[in-house]
Amino acid sequence: MKWLRAVLPVTVLVASGVVAAPADAAPGWEKYVVAPASRDVRPVKVLSTTGDVTNPDGLLGHGVATFRRQAPPPKPAWPVGTTAAASSFHAPNSGGNGQPRTYDPGNAVDGNPETFWNDDTLGAYPDVLTITAGAPVALPGVTVLSNVDGVPQDFTVEVLDAGTWRVAASVSGNTAVQRAVTFDRPVTTAQVRITVTKDQNTPSGEFSRVAEVWPGVVADPPVPTAVVDFGQVVAGYPKIAFAGASANRPGVRVAFSETRQYLGERSDFTRSDFSGGPGTDQYAVPATPTVWRDTKGCASGTQVCADGLHGFRYLRISLDALASDAPLTQPSGEVRISGVSLDFTPFLGTPSTYRGWFESADEDLNRYWYAASYTNELGLDTFRESDVDPRGAFSPSLAGKLVLHDGAKRDRDPYVGDVAVSGLTQYLTHQDGTAAKNVLADLADHQRADGWIPPASINGYTLPLFDYPLWWVTSSWDYVLYTGDTAYASSYYSHLVKTLDSWYPSVTDSRGLLAKGLNGTGGYGDYAFLPRTGEVTYYNALYVRALQGAAGLARATGHAADAERWLSRASGVAAAVNQYLWDPAAGAYLDSATGAVRHGQDGNSHAILAGIASPAQATSALARLAAGALPYGNPFMDNDTLVGDGTKRVYAFTSFPELQARFRSGQAASAIDQIKRMYGWMATHDPGITAWEGIGEGGSHYEQGYTSAAHGWSTGVVPALTNELLGVSPTSPGFGTWTVSPHPGSVSWARGAVPTPKGALSASWSQQGSVFSLTVSAPRGTSGSLVVPGGRLVLLDGRPLRAAGPLTVSGGTHTVLVVR
């Protein structure tokens, strides 16, 4: 299809009422908004209960739910002098929270369920624990108490019977933290041997963990539990309204999860997991009615602790207590609950807050746009010490400021690579860019003396990533483009120069390419901590894009000579990429010039967007990326030589530039197909609606429960649909100039608005048969260009135009109609 470019220095308004979306029809986009209606959020249903729970609907505010549990009987104890030995055990460490912890086998018989044996052979078997009693003991069986970080799934229990070891019981497929194991017949013995052949594989590692082995079959009263569903991922401070409780201050333990699959006795990697905590929030319920708001801290010292803010969809309440929380709270008694709710803390994106919007003839695309907007809203929050990643992420320079966290549940820290996508989503939906600016400015303020800019505040601004300073450059240019804040560009111009003229030259090799490993960067990571070295196409293509963006910042701040110098360097890097990293046999760019031959989604996509690839190369590279298409998206590698699941792992973060490249290369249909596979998969699989950090083999959460199911860097469908399908983009700071270049594909109509510093820029187009029409309304004082399909008849305000060439208009409302 040939397209006609019309240059419009002021306002262009093109009537679109040719097909299904007439110009005078009221937009219906509000119905797709998925954020809560208010900050007081309630669960929508009770999913399940166990144990003695009556009227569970009381959790929804319908009466009172009552949890009851009898006191567990005392646990049997081994005779004095009992010892334990193991095939291996982990060395002592701080346990992640600065408190010394040991993992030796004696912990399994010490009577303290807070300590445990942990083998030292990750994912390797068998793991053997041998208990030698101080005196023979009569055993009908044993009870194995493991650890919520992962339980032994397959194991045997042997006993020394009449001088011979025999298997008294076998267990397979275990998922219970406390597992009573009855022997085939009672035995009196002085030795018991447990052999583990399979453990749960959890984010804390695949280890055998046994907290206690009790000599006997322990049948504790079942723990009363109830799981409520909030209908979608939410974030904030949970609240429970208690109608009262028994006088013994019974305990309530609360676990959270974004998915049902990873909802267990502990949360799906809440922040306390990072710091060696129990993975649940604890509360000692008083006898009198009270409303508990989950707040980070402990009731006394290190006892009865809670974590505060959470991101989750499912909430599990248990009448239970940690043994270490005695005597402040007990795992038995009665608890009465009259309601569960949440104080929603992120940006509340109701229809009235949208300054930009999108709507099209394709309802699926509409849903994905607003679902991604909501995903981004969950990370748009105030930076608070109590709520951010506990791994050294707190920074006084960010405290109290609005930021874009990367995820709702974790890491809850603003990363600049994530801002590269989430910032665009922010500009196109709600905000004026304040959150993105706060992050970008703060990271620049922590620039290292050699010019390197940290990726985030985590680890005290020291996390070594190779590519993220480039994302700071491109994100800064995007921020200025969308907001017009050239004062920011001037304030941080010296930081820009230092990054591009000091640090990146220090990691440039003799062929003019960035090479990871130079200047001590061998241990540096990237967005996925991939073990790549040497000349990597992704790093260099992103470098070219950063140099191009830097040239824009230079021109906007009156540094024309720097702009020309950086564009010249970009051309040199681009030539070197084509000379050394293009693989003609595959018709795609190599992932790296070092190591096994493979081709990455990230490098090839950015090479197209940077203009490194010729049209023929772009077509060939995109075909290579599509060759491995999965039901849930396009994989980020074309083989598994870099990581074992390279051909099965999908990142929306690296898929976004591929979507852009497809739209801009005339492959709108394939871009829409890719969107529908990837975002459609996430929308229809638990937890639904929100966009995941990554998708793994078979469409799973790629890092199990550790995966963030609401991650801002995965919201690229918003700019993909607004900038590419609808076609609206800025070309100079603050939309002083802009372009509207629709890429309709098979979509019959689309319309929307983009916020600019001078007001909304709206566009609406439709196509049916041989007729295409476009409407654009831009603020006065701006100028822009239109790219529309060429045709045998092109009308502007009813006047026929030339078939090709630039067209200039000024002021007012204008109509462009193309008959092909």
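What this report covers is the structure whose coordinates are included nearby. (Residues numbered from 1 in each chain as written. Predicted model: local features only at pLDDT ≥ 70, side-chain atom pairs only at ≥ 80, totals over all residues. Heavy atoms only, no water.)

1. Notes on the state of the cysteines
Move 1: On inspection of all chains with the given rule, the structure shows one disulfide.
Move 2: Shown here is the disulfide that connects Cys298 with Cys305, its sulfur atoms set 2.0 Å apart. What sets the handedness of the Cys298 and Cys305 disulfide is the S-S torsion sign, and at about 105 degrees it is right-handed.
Move 3: Overall, the relative accessible area of 38% leaves Cys298 in the partly exposed class. (Disulfide = S-S within 2.5 Å. Buried < 20%, exposed > 50% of the residue type's maximum accessible area, 1.4 Å probe, protein only.)

2. Focus on helix α3 (residues 416–429)
Move 1: An ideal rise of 1.5 Å per residue puts 20 Å on 14 residues; α3 measures up with 19 Å between its terminal C-alpha atoms.
Move 2: At Ser422, α3 is bent by approximately 35 degrees, the largest bend along its length.
Move 3: Counting buried positions along α3 gives 14 out of 14 residues, so the element sits mostly inside the fold. (Helix = DSSP H or I, 4+ residues; strand = E, 2+ residues; numbered from the N terminus. Expected span 1.5 Å × (residues − 1). Bend = angle between axes of the 7 residues up to and from the residue.)

3. So, the pattern of salt bridges
Move 1: Enumeration over the complete set of coordinates arrives at 47 salt bridges.
Move 2: Salt-bridge contacts for Asp229 lead to Arg313; the nearest nitrogen and oxygen are separated by 2.7 Å. Placement of the pair is Asp229 in strand β14 (residues 225–245) and Arg313 in strand β20 (residues 310–319), with a sequence separation of 84 residues. Of the two residues, Asp229 and Arg313, both sit in the buried class. (Salt bridge = Lys/Arg side-chain N within 4 Å of Asp/Glu carboxyl O.)

4. Points about the sheet that holds strand β36 (residues 793–796)
For sheets, the rule is that strands pair by backbone hydrogen bonds, running either parallel or antiparallel.
Move 1: As summarised here, the arrangement of the seven strands in space is β22-β32-β33-β34-β38-β36-β37, forming an open sheet in which the pairing is antiparallel. The sheet is open, and its two edges are formed by β22 (357–360) and β37 (799–800), each paired on a single side.
Move 2: Across four bridges, β22 lies against strand β32 (residues 749–756) in antiparallel orientation. Looking across to β32, one finds that Glu359 is bridged to Arg751. (Pairing = 2+ DSSP bridges.)

5. Digging into the packing of helix α4 (residues 434–445) against helix α6 (residues 468–483)
The description of two helices packed together rests on the angle between their axes and the distance between the axes.
Move 1: The interhelical angle for the contact between α4 and α6, taken along N-to-C directions, is 140 degrees, at an axis separation of 11 Å. Relative to α6, α4 is oriented oblique. For the element pair α4 and α6, the recorded crossing hand is left-handed. In this structure, α4 uses Lys437, Leu440, Leu443 and Ala444 to contact α6, whose residues at the interface are Trp472, Ser475, Ser476 and Tyr479.
Move 2: Its residues placed into classes, the contact of α4 with α6 shows five nonpolar, two polar and one charged. (Axes fitted to C-alpha atoms, helices over the stretch in contact; angles between N-to-C directions. Parallel < 35°, antiparallel > 145°, perpendicular 65-115°, else oblique. Left-handed = near helix turned anticlockwise from the far one by under 90°. Contact = heavy atoms within 4.5 Å. Nonpolar A, V, L, I, M, F, W, Y, C, P; charged D, E, K, R; others polar.)

6. Remarks on helix α8 (residues 493–503)
Move 1: Within α8, the full set of buried residues consists of Tyr493, His495, Leu496, Thr499, Leu500 and Trp503.
Move 2: Each element contacted by the buried residues of α8 is listed here: α4, α6, α7 (486–491), β25 (516–519), α9 (537–556) and α10 (560–580).

7. Structural notes on unusual backbone geometry
Move 1: Following Ala326, the chain continues into Pro327 via a peptide bond in cis, with omega recorded as 5 degrees.
Move 2: Within the secondary structure, Pro327 sits in the loop between β20 and β21 (333–344).
Move 3: For the bond from Arg410 to Asp411, the omega torsion is 5 degrees, close enough to zero to count as cis.
Move 4: Not every positive phi belongs to a glycine, and Arg412 is a case in point at roughly 50 degrees.
Move 5: Of note, Arg412 is situated in the loop between β24 (402–404) and α3.
Move 6: When its relative accessible area of 0% is taken as the criterion, Arg412 is described as buried.

8. Observations concerning the environment of Tyr504
Move 1: Note that Tyr504 resides in the loop between α8 and β25.
Move 2: For Tyr504, a relative accessible area of 0% gives the class buried.
Move 3: A C-alpha to C-alpha distance of 29 Å links Tyr504 and Pro396, two positions 108 residues apart in sequence.
Move 4: If we skip the residues at most four places from it in the chain, Tyr504 touches Phe466, Asp467, Pro469, Leu470, Thr499, Leu514 and Tyr543.
Move 5: Polar contacts involving the side chain of Tyr504 include one to the main-chain carbonyl oxygen of Phe466, which spans 2.7 Å. (Polar contact = N/O pair within 3.5 Å; in protein donor to acceptor, adjacent residues only side chain to side chain.)

9. Examining the side chain of Ser741
Move 1: Tracing the sequence through the fold places Ser741 in the loop between β31 (737–740) and β32.
Move 2: With a relative accessible area of 17%, Ser741 lands in the buried category.
Move 3: Beyond its immediate chain neighbours, meaning those up to four positions away, Ser741 contacts Glu724, Gly727 and Val787.

10. With respect to the side chain of Asp418
Move 1: Looking at the element boundaries, Asp418 is found in helix α3.
Move 2: Buried charge without a partner: Asp418 forms no salt bridge, and the closest opposite charge is Arg410, 8.7 Å away.
Move 3: Beyond its immediate sequence surroundings of up to four residues, Asp418 is in contact with Asp406, Gly423, Tyr468, His711 and Trp713. (Lys, Arg positive; Asp, Glu negative; His and termini not counted.)

11. Focus: the pairing of strand β19 (residues 303–306)
Move 1: The sheet contact formed by strand β18 (residues 297–300) and β19 spans three bridges and is antiparallel. For Gly297, the partnering residue across the bridge sits in β19 and is Ala306.
Move 2: Where β18 folds back onto β19 in an antiparallel hairpin, the turn is made up of two residues, including Gly301, whose phi is positive at roughly 60 degrees.

12. Quick look at the packing of helix α13 (residues 652–664) against helix α14 (residues 668–684)
Move 1: Where α13 contacts α14, the axes come no closer than 8 Å and their chain directions differ by 160 degrees. Here α13 is positioned roughly antiparallel relative to α14, judged by the angle of their axes. The chirality of how α13 crosses α14 is left-handed. For the pair α13 and α14, contact is made by Ala652, Ser655, Glu658, Leu659, Arg662 and Phe663 and by Ala668, Ser670, Ala671, Ile672, Gln674, Ile675, Met678 and Tyr679, respectively.
Move 2: Taken together, the residues that form the contact of α13 with α14 break down as nine nonpolar, three polar and two charged.

13. Quick word on the nonpolar core
Move 1: If you look at the biggest cluster of nonpolar residues, it comprises 155 residues, and the most contacted ones within it are Trp472, Tyr527 and Leu725.
Move 2: Beyond its immediate chain neighbours, meaning those up to four positions away, Tyr527 contacts Asp467, Tyr468, Arg532, Tyr538, Asp602, Phe636, Tyr651, Phe653, Thr654 and Trp713. (Core = buried A, V, L, I, M, F, W, Y, C linked by side-chain atoms within 4.5 Å.)

Worth remembering: the numbers are spatial, not functional.
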